[in-house]
Amino acid sequence: MINEAYSVKKYYKDNFDLVQKSNLSFFFSSNSFIFCEFSVDFKKILHLADIEFNLQNNPSLTLIERLQFIFSNYQLIKNYNKVYINILNTHFTLIPNAFKNENSNTELLQFGTGLMKPNHTIEKPINNLTFCYTVEHELKHFLEKTFPIAIINHSGVISLSLFNSLPSINNFDIFISINFGFVEISIKQNNDLHFYNVFNYQSNEDIIYYLLFTVEQLNLNPLTIKVAIAGQIETTDHLIISLKKYIKHINFIINEASIFSSNELKSIPNHFYFSVLNQHLCA
């Protein structure tokens, strides 16, 4: 059955039947889906779920079929005030503005990702860079048809924008966002965005390797760099304990505490669901 194709890690629903309008923010990759319905002022969480895809069950299901089931099962197709969609994939490249050329950006994306023929190139300016990415045409059409007012971004656009502008993290050197099966690593040097990449991982050791290798390649000092972490990982996790053996300054991002107002939500660590809870700030 299709409901065997995913597992729910966290679920919360407020009694908001009388609310006429709400905002929707969601994140997804090939491995997982997280959504949050907010009050119109983004001050209260009304509905939240953290879902992991069981890719071994019903492996023939497409990503669109999985999304369709989630939208229907959680009654997410409605008349929202605002909708924000965050897509995480590895089909992107960062282009310095000095090299930006409308005629060659698709070629640079093709070269950087190995895609034979990117079918739709999207460009987003971030400081002195252009974030160039692609989303499968059928998927993009499905999302735009389902949520006509949605603002759709690659997760890298969200991560780099928040890293650059949000006071709670813009003084850090490295921002790590850990999602199920994927880790995003963003680096600033002298307050300029210097590096961003998405890595697939199978174990904690993979994440440690990617981070330490990147730090070494960029000649960063693990004793002085300041690292901020967001994601669905406990502060006592073995990964964090291991990272602290190599990097002195490890910190966790703090979401706005007031949105975790209900007793049930107070059990959620404040660094969970960071991009979903804050991507509306990038609009």
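Anyway, here's the lowdown on the structure attached to this text.

**Quick word on the sheet that holds strand E8 (residues 129-134)**
Consideration 1: If you walk across this open sheet you meet the three strands as E6-E8-E7, and the pairing is antiparallel. Looking at which strands have only one partner, the edges of the open sheet turn out to be strand E6 (92-96) and strand E7 (121-126). Pairwise comparison of adjacent strand axes, ignoring direction, gives a mean angle of 25° for this sheet.
Consideration 2: As judged from the six bridges shared by E7 and E8, these two strands associate in the antiparallel manner. In the strand pairing of E8, Ile-126 is matched with Leu-129.

**A word on helix H4 (residues 155-165)**
Consideration 1: Here H4 lies mainly inside the structure; nine of its 11 residues are buried.
Consideration 2: Taken residue by residue, H4 has Ser-155, Gly-156, Val-157, Ile-158, Ser-159, Leu-160, Ser-161, Leu-162 and Phe-163 as its buried positions.

**What to know about the pattern of salt bridges**
Consideration 1: Scanning the model with the defined rule gives three salt bridges in all.
Consideration 2: Between Lys-44 and Asp-14 there is a salt bridge, with the nearest N and O atoms lying 3.0 Å from each other. Here Lys-44 is found in the loop between strand E3 (32-38) and strand E4 (45-53), whereas its partner Asp-14 is found in the loop between strand E1 (6-13) and strand E2 (23-28), with 30 residues between them in sequence.
Consideration 3: Among the salt bridges present, the one from Lys-78 reaches Glu-37, with a minimum N-O distance of 3.4 Å. Taken together, the residues Lys-78 in the loop between helix H1 (63-73) and strand E5 (82-87) and Glu-37 in strand E3 connect sequence positions 41 residues apart.

**Here we look at the side chain of Asn-89**
Consideration 1: By the secondary structure assignment, Asn-89 is in the loop between E5 and E6.
Consideration 2: Overall, the relative accessible area of 14% leaves Asn-89 in the buried class.
Consideration 3: Of note is the side chain of Asn-89, whose polar atom sits 3.0 Å from the backbone nitrogen of His-91.

**So, the packing of helix H5 (residues 204-217) against helix H6 (residues 238-246)**
Consideration 1: Between H5 and H6, the least distance of the axes is 10 Å, while the angle of their chain directions is 30°. Viewed along their axes, H5 and H6 adopt a mutual orientation that is roughly parallel. For H5 against H6, the interelement crossing comes out right-handed. Across the interface between the two elements, Asn-204, Glu-205, Ile-207, Ile-208, Leu-211 and Leu-212 from H5 touch His-238, Leu-239, Ser-242, Leu-243 and Tyr-246 from H6.
Consideration 2: Taken together, the residues of the contact of H5 with H6 sort by class into seven nonpolar, three polar and one charged.

**Some thoughts on the sheet that holds strand E13 (residues 226-231)**
Consideration 1: Read from one edge to the other, the open sheet built from five strands follows the order E12-E11-E10-E13-E14, with strand pairing classed as mixed. At either margin of the open sheet sits one strand with a lone partner, and together these are strand E12 (192-200) and strand E14 (249-252). The average angle at which neighbouring strand axes cross in this sheet is 20°, direction not considered.
Consideration 2: One ladder, built from five bridges, connects strand E10 (residues 174-179) with E13; its direction is parallel. Opposite Ser-177, over in E13, you have Ala-230 as the bridge partner.
Consideration 3: Across the sheet, H5 is in contact with E10, strand E11 (182-189) and E12; its angle to E11 comes to roughly 20°.

**Concerning the nonpolar core**
Side chains of nonpolar character tend, in soluble globular proteins, to be buried together.
Consideration 1: The biggest cluster of nonpolar side chains holds 68 residues, and the ones touching the most others in it are Phe-26, Phe-33, Ile-45, Ile-85, Leu-143 and Ile-169.
Consideration 2: Leave out the neighbours within four places in its chain, and Ile-169 touches Leu-162, Phe-163, Phe-175, Ala-228, Ile-253 and Phe-274.
Consideration 3: Among the nonpolar cores identified, the runner-up in size contains 23 residues, and Ile-176, Val-183, Phe-199 and Tyr-201 belong to it.

Here is what the cut-offs are and how they apply
Residues numbered from 1 in each chain as written. Predicted model: local features only at pLDDT ≥ 70, side-chain atom pairs only at ≥ 80, totals over all residues. Heavy atoms only, no water. Pairing = 2+ DSSP bridges. Helix = DSSP H or I, 4+ residues; strand = E, 2+ residues; numbered from the N terminus. Axes fitted to C-alpha atoms, helices over the stretch in contact; angles between N-to-C directions. Buried < 20%, exposed > 50% of the residue type's maximum accessible area, 1.4 Å probe, protein only. Salt bridge = Lys/Arg side-chain N within 4 Å of Asp/Glu carboxyl O. Polar contact = N/O pair within 3.5 Å; in protein donor to acceptor, adjacent residues only side chain to side chain. Parallel < 35°, antiparallel > 145°, perpendicular 65-115°, else oblique. Left-handed = near helix turned anticlockwise from the far one by under 90°. Contact = heavy atoms within 4.5 Å. Nonpolar A, V, L, I, M, F, W, Y, C, P; charged D, E, K, R; others polar. Core = buried A, V, L, I, M, F, W, Y, C linked by side-chain atoms within 4.5 Å.

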